[in-house]
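# Inside the fold
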Amino acid sequence: MKKLIMVCGVAAIMLGATSCGKSSSSDNNANKGFGDSLSVAMGAAQGSRLLSEYMTLPEDQKANLKKEDILRGLKQVIMTDTTQQGYLTGLSFGLQLAGQLYRYDEAGVPVDRAKLYEAYAKAFSSDSVDSEQMRNLQMDFQKLAEQAQQKMMEHYQKQEAAAREAKENSPEAKENVAKGEAYLKDMMAKDPAIKMSESGLAYKVINEGSGDAVGANGSAKVKYTGKLIDGKVFDSNSEGVVMNPNRVVAGFGEGLSMMKNGSHYVLYIPGKLAYGVDGNPQAGIAPNAMLVFEVETSEVNPGK
């Protein structure tokens, strides 16, 4: 019962309701101007914030979230008679359930709303419920909820796999793989000093350096310049920054792990060992783009 009262109170607060008594008419008149200003300011600020978030949605999502529908739902809630505490509580519970049902729907787990409501109403309308009965009901639901969660995970995994496959098979991604391979083949033909590891990382040792290698778990101060195969610089650091091989893209990490104090390498990182099919749009790196890094190390702290 306490939880029900608590939710009732939360719903009342959310919608501006109060059950502690009404203000006098003189107080209401004195506050009307302030209340009107607050109303307009709140509406404009919240509406603008929602619009800014709405504008970031893909067009297909906007098609399913029409502005007039959003406003209709908003109006339904805020215009509700705030003296109807039971109705507000039902709205609160209903919105919580709706969120869960939406996730089930999205994952292809069908839930019959009519049957859910019928079972909900029957249970809630009962005269009493003992702790053992409630525990058994919760256990039955928990088992089914876990199965539903598993189905949802499988659904999202399939979606991600399909999206990944679509990206890998996109013309741009395939073209960039071909360009990278052709570029590297040409560079290796021109310069026999360029070697290739089993992973596909190509590298040229300009200066071997001395001491122990950084290793997979070590660190080093790194100066670097990162370029695309057309020569465009997308990132650089001439001051030096401490890096760990296990905290950068795979190809850069593999190359860094081989380097010693005072090493100077050129790394030719194929897309699969860089940013892959996702690329890095902010840095101007296309899907499966090959990256070329000139790297110098100092202050090596070898991994143990």
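Bear in mind the structure is a predicted one, so any value in this text is a computation, not a measurement. (Residues numbered from 1 in each chain as written. Predicted model: local features only at pLDDT ≥ 70, side-chain atom pairs only at ≥ 80, totals over all residues. Heavy atoms only, no water.)

As a further point, take the overall build of the chain. A tally of helices and strands in the chain yields nine helices and six strands. Against the 2.2 N^0.38 benchmark of 19 Å for 304 residues, the chain shows a C-alpha radius of gyration of 30 Å, more extended than a compact globule. The principal-axis extent of the C-alpha atoms belonging to the chain is close to 85 × 55 × 40 Å. Going through the 304 residues of the chain one by one, you find that 25% of them count as buried. By element, 56% of the accessible surface of the chain is carried by carbon and sulfur atoms, the whole surface being about 21,200 Å². (Helix = DSSP H or I, 4+ residues; strand = E, 2+ residues; numbered from the N terminus. Rg over C-alpha atoms; globule rule 2.2 N^0.38 Å. Buried < 20%, exposed > 50% of the residue type's maximum accessible area, 1.4 Å probe, protein only. Areas by Shrake-Rupley, 256 points an atom, 1.4 Å probe, with all protein chains shown as cover.)

The strand order across the open sheet built from six strands is β1-β2-β5-β6-β3-β4, with neighbouring strands paired in antiparallel fashion. Since the sheet does not close on itself, it has two edges, and those belong to β1 (194-196) and β4 (233-243), each with one partner. Geometrically, the sheet is characterised by an average inter-axis angle of 20° between neighbouring strands, direction not taken into account. Across three bridges, the pairing between β1 and strand β2 (residues 202-207) is antiparallel. Looking at the pairing, methionine 196 lines up with alanine 202 of β2. The strands that helix α8 (residues 171-190) touches are β1, β2, β5 (264-269) and β6 (291-301); relative to β1, the one it contacts most, it runs at about 130°. With respect to the sheet, helix α9 (residues 250-258) is in contact with β2, β3 (219-228), β4, β5 and β6, its orientation differing from that of β5 by roughly 155°. (Pairing = 2+ DSSP bridges. Axes fitted to C-alpha atoms, helices over the stretch in contact; angles between N-to-C directions. Contact = heavy atoms within 4.5 Å.)

This part is about the pairing of β3. In terms of strand pairing, β3 meets β6 through nine bridges, oriented antiparallel. For glycine 226, the partnering residue across the bridge sits in β6 and is phenylalanine 293. Bridge count between β3 and β4: seven bridges; the pairing is antiparallel. When the bridges of β4 are listed, valine 222 appears paired with valine 241.

With that settled, the discussion passes to the packing of helix α5 (residues 85-106) against helix α7 (residues 131-168). Viewed as axis vectors pointing N to C, α5 and α7 meet at an angle of 50°, and their least axial separation amounts to 9 Å. The pairing of α5 with α7 is recorded here as oblique in orientation. In this structure, the crossing between α5 and α7 has a hand that is left-handed. Across the interface between the two elements, Gln100, Arg103, Tyr104 and Glu106 of α5 pack against Phe141, Ala145, Ala148, Met152, His155 and Tyr156 of α7. Of the residues in the contact of α5 with α7, the class split is six nonpolar, two polar and two charged. (Parallel < 35°, antiparallel > 145°, perpendicular 65-115°, else oblique. Left-handed = near helix turned anticlockwise from the far one by under 90°. Nonpolar A, V, L, I, M, F, W, Y, C, P; charged D, E, K, R; others polar.)

What follows deals with the environment of glutamine 96. Inspection of the secondary structure puts glutamine 96 in helix α5. Relative accessible area serves as the criterion here: at 51%, glutamine 96 is assigned to the exposed category. Distance in space between the C-alpha atoms of glutamine 96 and lysine 158 is 27 Å, their sequence separation being 62 residues.

Attention shifts here to the packing of aromatic side chains. Tallied over the full model, the rule gives five aromatic pairs. When the centroid spacing of 6.1 Å and the interplanar angle of 15° are considered together, the rings of tyrosine 203 and tyrosine 265 count as stacked. Of the two residues, tyrosine 203 is situated in strand β2 and tyrosine 265 in strand β5; the sequence distance between them amounts to 62 residues. (Phe/Tyr/Trp six-rings, centres within 6.5 Å; stacked < 30°, edge-to-face > 60°.)

Right, let's get into the layout of surface pockets. Each pocket or cavity is described by its volume, and for the largest pocket that value is around 2,100 Å³. As for the largest pocket, its lining consists of 42 residues, and the residues nearest its centre are Leu97, Ala119, Tyr120, Ala123 and Gln138. Every element with two or more residues in the lining of the largest pocket is listed here: α1 (2-14), α5, α6 (113-124) and α7. (1 Å grid on protein atoms, 1.4 Å probe; cavity = no way out; pocket = protein on both sides within 12 Å on 5 of 7 lines; lining within 4 Å. Points joined across faces, edges and corners; volume = space filled by probe spheres on them.)

Here we take up the environment of glutamate 172. With respect to the helices and strands, glutamate 172 occurs in helix α8. Residue glutamate 172 is classed as partly exposed on the basis of its relative accessible area of 44%. Between the C-alpha atoms of glutamate 172 and glycine 253, which are 81 residues apart in sequence, the distance is 26 Å. Residues contacting glutamate 172, with those up to four places away along its chain left out, are Ala286 and Pro287.

The angle between the axes and the distance between the axes are what describe a pair of packed helices. Where α5 contacts α6, the two axes come as close as 13 Å, and the packing angle between them is 140°. The handedness of the crossing between α5 and α6 is right-handed. In contact with Phe93, Leu97, Leu101 and Asp105 of α5, α6 contributes Arg113, Leu116 and Tyr120. Among the residues making up the contact of α5 with α6, the classes are represented as five nonpolar, no polar and two charged.

Taking 1.5 Å as the rise per residue, α8 with 20 residues should run 28 Å; its terminal C-alpha atoms sit 29 Å apart, in good agreement. Inspection of α8 places Ala173, Asn176, Gly180 and Leu184 among the buried residues, and these make up the whole buried set. Buried residues of α8, viewed axially, fall in a sector of 65°; they line one side. Looking at α8, the residues exposed on the side facing more than 90 degrees away from the buried face are Pro171, Glu181, Lys185, Ala189 and Lys190. (Expected span 1.5 Å × (residues − 1). Arc of directions from axis to C-beta.)

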